[in-house]
Structures are given as structure tokens and as C-alpha cells.
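For reference, the chains in residue letters:
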Amino acid sequence: MGKRADGSFVIIDVINQRLSASDVRALIKLTAEVDNAKYGNVRIRLPQDPGQAGKDQAQSFVRLLSGFSVRTEPVSGSKESRAEPVAAQWQAGNFDVVVADWNESYFSQMESFPASKFKDMVDATSDAFSELERRKGFNFSF
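For clarity, every value in this text was computed on a predicted model and none was experimentally measured.

Draft legend 1. Inspection of the overall build of the protein at higher detail. Looking only at helices and strands, the protein has 5 helices and 5 strands in total. Start at the N end of the protein and walk to the C end: the helices and strands fall as β-β-α-β-α-β-α-β-α-α. On the principal axes, the C-alpha backbone points of the protein span a range of 40 × 35 × 30 Å. When the 142 residues of the protein are sorted by exposure, 31% land in the buried category. The long-range share in the protein, meaning contacts at least 24 apart out of those at least 6 apart in sequence, stands at 67%. For the protein, the accessible area works out to roughly 8600 Å², and carbon and sulfur atoms hold 51% of it.

Here it is, written out as C-alpha cells:
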């Protein structure tokens, strides 16, 4: 996700796959490498689940992504409350989405939230939006 100079947002790419833990790690690292090569120094934000296991996992991902701008953020509150700020901007028409093969599944999950079984893309969108808004100085130009 990026934020334009005019304050609008753009969903640039979405990857949604069910993989083994080791394959997830490899995909995250590859995505970081590709995104940095394509867009420059991108920021990576990863959720940190509650408890010690979540802290350990988060630190493991930070080590995996050594050399990248990465941080973890503890998850708190319901998925619905975390999605409210991005939903408000989405409903106001302040989002564009790059046309791609993942659009149908992305829109389907966004539109069926919170009733749907799967919510990972909504969570990722909420986290990306929160990260962009946390650091107001970041702009992404197209």
C-alpha cells in the first residue's frame, strides 16, 4: 500500500497464499527483496501476536529481514475495530487499487468482512493503513 501526496491511498499488490511456515518465511523475504528493488526503501510492518510465542515469532521475522526497514506491532483490539479507520477511507473513495489477478479475491474478502471465514487480507490492509498514518511524512508517488 502507498499513500499519495494528495492523501489518497493505493493498494499496489496483494499476496494471499496458504503455505507451510517455512514457505511463508521464504515468501516474506522474497517479497521484501522484490519490493525494495522495485519501489526503493519500503517499510515492512509485521503483526506481533500476544504472549511470549508472539514476541519470539516477531523477533525471528525481524532477524530474517535484517537489512530491511522492518518493525513489529503488537495486535490489540478486535479485527473489526482495527479495520474501522481504513473502512472509513475506503467508503469515502480515498483508495485506488492496481488492476491485477488478485483483485477478485481481495474485493470479495473486503466486501464480506466481518462475516467471512477468512480475514487475512483485511488485517493486512488495516495494518498497512495504520503504518502509513502513523508516519505522516511518508508519501508514495505514482
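Draft legend 2. The arrangement of the pattern of salt bridges in detail. Tallied over the entire structure, the rule returns 10 salt bridges. A salt bridge links Arg 43 to Glu 131, with the shortest nitrogen-to-oxygen separation between them at 3.4 Å. One end of the pair, Arg 43, is in strand E3 (residues 43–48); the other, Glu 131, is in helix H5 (residues 120–134), with 88 residues separating them in the sequence. Of the residues examined, Arg 43 reaches a relative accessible area of 23% and is grouped as partly exposed. For Glu 131, a relative accessible area of 5% gives the class buried. A salt bridge links Arg 45 to Glu 131, with the shortest nitrogen-to-oxygen separation between them at 3.5 Å. Within this pair, whereas Arg 45 is found in strand E3, its partner Glu 131 is found in helix H5, the two being separated by 86 residues in sequence. If you follow the salt bridges from partner to partner, you end up with Arg 43, Arg 45, Arg 71, Glu 73, Asp 127, Glu 131 and Arg 134 in one network.

Draft legend 3. Main features of helix H4 (residues 103–112). Listed as buried for H4 are Asn 103, Tyr 106, Gln 109 and Met 110. With its buried residues spanning 140° around the axis, H4 presents them on a single face. Opposite the buried face of H4, by more than 90 degrees, sit the exposed residues Glu 104 and Glu 111. Packed against the buried residues of H4 are strand E2 (9–11), helix H3 (79–91), strand E5 (95–97) and H5.

Draft legend 4. A look at the pairing of strand E4 (residues 69–74). Bridge count for E3 against E4 is 6 bridges, and the pairing is parallel. Across the sheet, the residue bridging to Leu 46 is Thr 72, located in E4. Handedness of the E3-helix H2 (residues 51–64)-E4 crossover: right-handed.

So, how was this worked out
- Residues numbered from 1 in each chain as written.
- Predicted model: local features only at pLDDT ≥ 70, side-chain atom pairs only at ≥ 80, totals over all residues.
- Heavy atoms only, no water.
- Helix = DSSP H or I, 4+ residues; strand = E, 2+ residues; numbered from the N terminus.
- Buried < 20%, exposed > 50% of the residue type's maximum accessible area, 1.4 Å probe, protein only.
- Contact = heavy atoms within 4.5 Å.
- Areas by Shrake-Rupley, 256 points an atom, 1.4 Å probe, with all protein chains shown as cover.
- Salt bridge = Lys/Arg side-chain N within 4 Å of Asp/Glu carboxyl O.
- Arc of directions from axis to C-beta.
- Pairing = 2+ DSSP bridges.
- Right-handed = clockwise from strand over helix to strand, strands pointing away.

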